[in-house]
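Chain by chain, the residues run as shown.
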Amino acid sequence: MTPENSLNPFLNLNYDPALEALGDDFFDEVAAAEFPKHILRFRNDELLPKLGLKPEEVTDENFIEAFGKFQGRKPFLALRYHGYQFGEYNSRLGDGRGFLYGQVRGTDGELYDFGTKGSGTTPYSRGGDGRLTLKGGVREVLASEALYYLGVYTSRCLSMIETGDALWRGDEPSPTRSSVMVRFSRSHIRFGTFERLHNFGRKDLIQQLLDHVILQYYPHLKDKQDRYALFYAELVQRVARLVAQWMSVGFCHAVLNTDNMSITGESFDYGPFAFIDTYNPQFTAAYFDYYGRYSYGNQPGICKLNLEMLQDPLSAVIPVEDMDVILKEFDEHYYQTYNERMLNKLGFANLAQPEAEELLMSTVTLLQKTQVGYHTFFSELTEQFNRNWRDDAANILKSDSFLNSSEATGLLEAWRNLYLQILLSLPESEMDNMLERLQRYNPKTVLLRPEIEAVWEKIDQEDNWELFYQLISRLRFHQDAA
């Protein structure tokens, strides 16, 4: 470490070699790429206090030195994993354009990863250049901030640096700009990390890795006699709750391969994601998902299937019949979280089950059959909130010009009557809480593709980043993230 970078607060963090201590059966030590230039385009000052750092004491050059030039720290570990991609097993995977930069204990005592993306080739690059397009970096920064502020359990971006490489992608007639990003997450251990060990018949390493996961990420289970089964039960619950969060906010991950499933039940590694415009279960975010395997409506079933496939490696430690029983609880966990979050979006909490189910079914039917904007519907409900809703069903969503279909009239009338019926079953004092929930769970800004494209066009054509920073500010609306 040189005298200059010894003052860098990122290099003076107390790095924890938790994963490194597992041994080199799990990773390869790699070197970072050298880039022609370094322009810091995004720094996430919100994350610094969790590292015990004060944003005003961390300079842009500190970010560039640590996470663009990669000076003053080693080793960098490219993690090994396999995975089921579109249902087919792929044994040629692993960190192909990133590595584990390091692990740090947060001020909350939890272990966090710094994981790079676009930092150069590794043994798993499969002929690729190991780089990340600038647009890809922009999209992940926006997605992670949007999800976080929607109360979705997600990784976040710590930094994004433009690197000056010209990248050729697909059929593009000209090169595109490049970036390197650092992701801040709970863990980069994937379902596919276990699947790789199963493929090699390494039951010993599966148990070693599972013990590590429980110790670091499920420590409340480490002294339980049946800790392995309890781990799987909690993972099932976490994944069910995560996909319910995605569904409620209209998020389509796009590539739910098992190598993109985190062992902590956290959102990460989404590629051509999209937020739905209208309620359409068949909506597919990735152009290469020709048969809609990872469509919006398929996400709960795919996540459940991925948990089922994870049973193969975990069977080295946990009886399959026990895991089968546990996995049957997935649907209950999913619907409990989904129903709760959707009721919140409608302004309600703790409704009786028959009322809740009827209202949600009516709402989804209205959204699907009229194809009104998914986010527009809830935004209008929030904007039009009025205490006179209790006086007459016609007052609810009175300004309904956003429903531009004649078919909507009867559906909306039935929905209004049901909504009023539930309103009148609650005390009038509950109206204040309803308004608070509507404002909390229905953001004014939604990260639809036209928003992203407008931001990128300004960056690409004019090198103008103003819309990018403005959009981040609008995504970080007033609610406390879950």
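Residues numbered from 1 in each chain as written. Predicted model: local features only at pLDDT ≥ 70, side-chain atom pairs only at ≥ 80, totals over all residues. Heavy atoms only, no water.

Participant: I keep staring at the overall build of the protein chain and nothing clicks. Help me out?
Facilitator: Each helix and strand in the protein chain was counted, giving 14 helices and 12 strands. Projected onto the principal axes, the alpha-carbon positions of the protein chain cover approximately 70 × 60 × 45 Å. Of all 482 residues assigned to the protein chain, the portion counted as buried reaches 57%. Sequence-distant contacts in the protein chain: of pairs separated by 6 or more residues, those separated by 24 or more amount to 71%. Carbon and sulfur atoms make up 46% of the accessible area of the protein chain, which amounts to about 20,700 Å² in all. (Helix = DSSP H or I, 4+ residues; strand = E, 2+ residues; numbered from the N terminus. Buried < 20%, exposed > 50% of the residue type's maximum accessible area, 1.4 Å probe, protein only. Contact = heavy atoms within 4.5 Å. Areas by Shrake-Rupley, 256 points an atom, 1.4 Å probe, with all protein chains shown as cover.)

Participant: Sorry if this is basic, but what is going on with the pattern of salt bridges here?
Facilitator: Where charged atoms of side chains with opposite charge meet at close range, the side chains can pair. For the coordinates displayed, the defined rule picks out 30 salt bridges. Ionic pairing is found between Glu61 and Lys69, a salt bridge with its closest N-O pair at 3.7 Å. Residues Glu145 and Arg476 are paired through a salt bridge, measuring 2.9 Å at the closest nitrogen-oxygen approach. Of this pair, Glu145 sits in helix H2 (residues 134-149) while Arg476 sits in the segment after helix H14 (466-475), placing them 331 residues apart in sequence. By relative accessible area, Glu145 is classed as buried at 0%. Among the charged side chains, a salt-bridge network with shared partners connects Asp95, Lys117, Glu140, Arg183, Arg190 and Asp269. (Salt bridge = Lys/Arg side-chain N within 4 Å of Asp/Glu carboxyl O.)

Participant: What should I look at first to understand empty space enclosed by the protein in this one?
Facilitator: Take a probe with the size of a water molecule and roll it over the atoms, and the empty space left behind shows itself. According to the stated counting rule, one finds 4 cavities of 30 Å³ or more in the structure shown. Of the pockets and cavities examined, the largest cavity occupies roughly 130 Å³. Every residue lining the largest cavity is counted, 16 residues in all, and those nearest its centre are Leu150, His375, Pro443, Thr445 and Val446. When residues in the lining of the largest cavity are grouped by element, the largest group, 3 residues, is from helix H10 (residues 374-383). Per-class residue counts for the lining of the largest cavity are 11 nonpolar, 4 polar and 1 charged. (1 Å grid on protein atoms, 1.4 Å probe; cavity = no way out; pocket = protein on both sides within 12 Å on 5 of 7 lines; lining within 4 Å. Points joined across faces, edges and corners; volume = space filled by probe spheres on them. Nonpolar A, V, L, I, M, F, W, Y, C, P; charged D, E, K, R; others polar.)

Participant: Looking at this model, I keep getting lost on the pairing of strand S2 (residues 39-43). Mind explaining?
Facilitator: Looking along a regular strand, one sees side chains alternate from face to face of the sheet. Counting buried residues in S2 gives 4 out of 5 residues, a clear majority hidden from the surface. As defined by bridge partners, S2 adjoins strand S9 (residues 156-162) across 4 bridges and the pair is classed as antiparallel. Considered in S9, the bridge of Ile39 is made with Glu162. (Pairing = 2+ DSSP bridges.)

Participant: What exactly am I supposed to notice about the nonpolar core here?
Facilitator: Burial of nonpolar side chains together is a common tendency in soluble globular proteins. Phe231, Trp415, Tyr419 and Phe468 are the most contacted members of the largest nonpolar core, which totals 124 residues. No other element matches the 13 residues that helix H5 (residues 227-249) contributes to this core. Not counting the four nearest positions on each side in its chain, Tyr419 is found in contact with Leu346, Phe348, Leu359, Leu381, Trp389, Ile396 and Met434. Counting 30 residues, the second-largest nonpolar core is a separate cluster that includes Val30, Ala33, Val58 and Tyr101. (Core = buried A, V, L, I, M, F, W, Y, C linked by side-chain atoms within 4.5 Å.)

Participant: It is not clear to me how H2 should be interpreted in this structure. Could you clarify?
Facilitator: Here H2 contains 16 residues, and its C-alpha end-to-end distance of 23 Å stays within 8% of the 22 Å for a straight helix at 1.5 Å per residue. Buried residues dominate H2, accounting for 13 of its 16 residues. At the C-terminal side of H2, Gly151 shows a positive phi close to 80°. (Expected span 1.5 Å × (residues − 1).)

Participant: I tried to follow a negative patch on the surface on my own but got confused; where do I start?
Facilitator: Together, Glu308, Asp312, Glu321, Asp322 and Asp324 give the surface a local cluster of negative charge. Looking at the negative patch, the elements that each hand over two or more residues are helix H6 (299-314) and helix H7 (320-327). It is H7 that provides the largest number of residues to the negative patch, a total of 3 residues. Mapped onto the elements of the fold, Asp312 is located in helix H6. (Patch = residues over 30% accessible without salt bridge, like charges linked within 9 Å, V, L, I, M, F, W, Y side chains within 5 Å. Lys, Arg positive; Asp, Glu negative; His and termini not counted. Charge placed at Lys NZ, Arg CZ, Asp CG, Glu CD.)

Participant: I'm lost on the environment of Leu447 in this one. Help?
Facilitator: Of note, Leu447 is situated in the loop between helix H12 (430-441) and helix H13 (449-462). Note on Leu447: relative accessible area 3%, which makes it buried. Along the primary structure Leu447 and Val364 are separated by 83 residues, whereas in three dimensions their C-alpha atoms are 21 Å apart. Ignoring any residue separated from it by four or fewer positions in sequence, one finds Leu447 in contact with Leu142, Ala143, Ala146, Phe273, Phe275, Ile452, Leu471 and Leu475.

Participant: Help me out: how do you make sense of H5 in this one?
Facilitator: Each α-helix turn comprises 3.6 residues. Residues three or four places apart therefore point the same way. The end-to-end C-alpha separation of H5 is 33 Å, in line with the 33 Å expected for 23 residues at 1.5 Å each. The buried fraction of H5 amounts to 17 of the 23 residues, a majority that puts the element mostly inside the structure. After H5 finishes, the residue Gly250 shows a positive phi value of roughly 75°.

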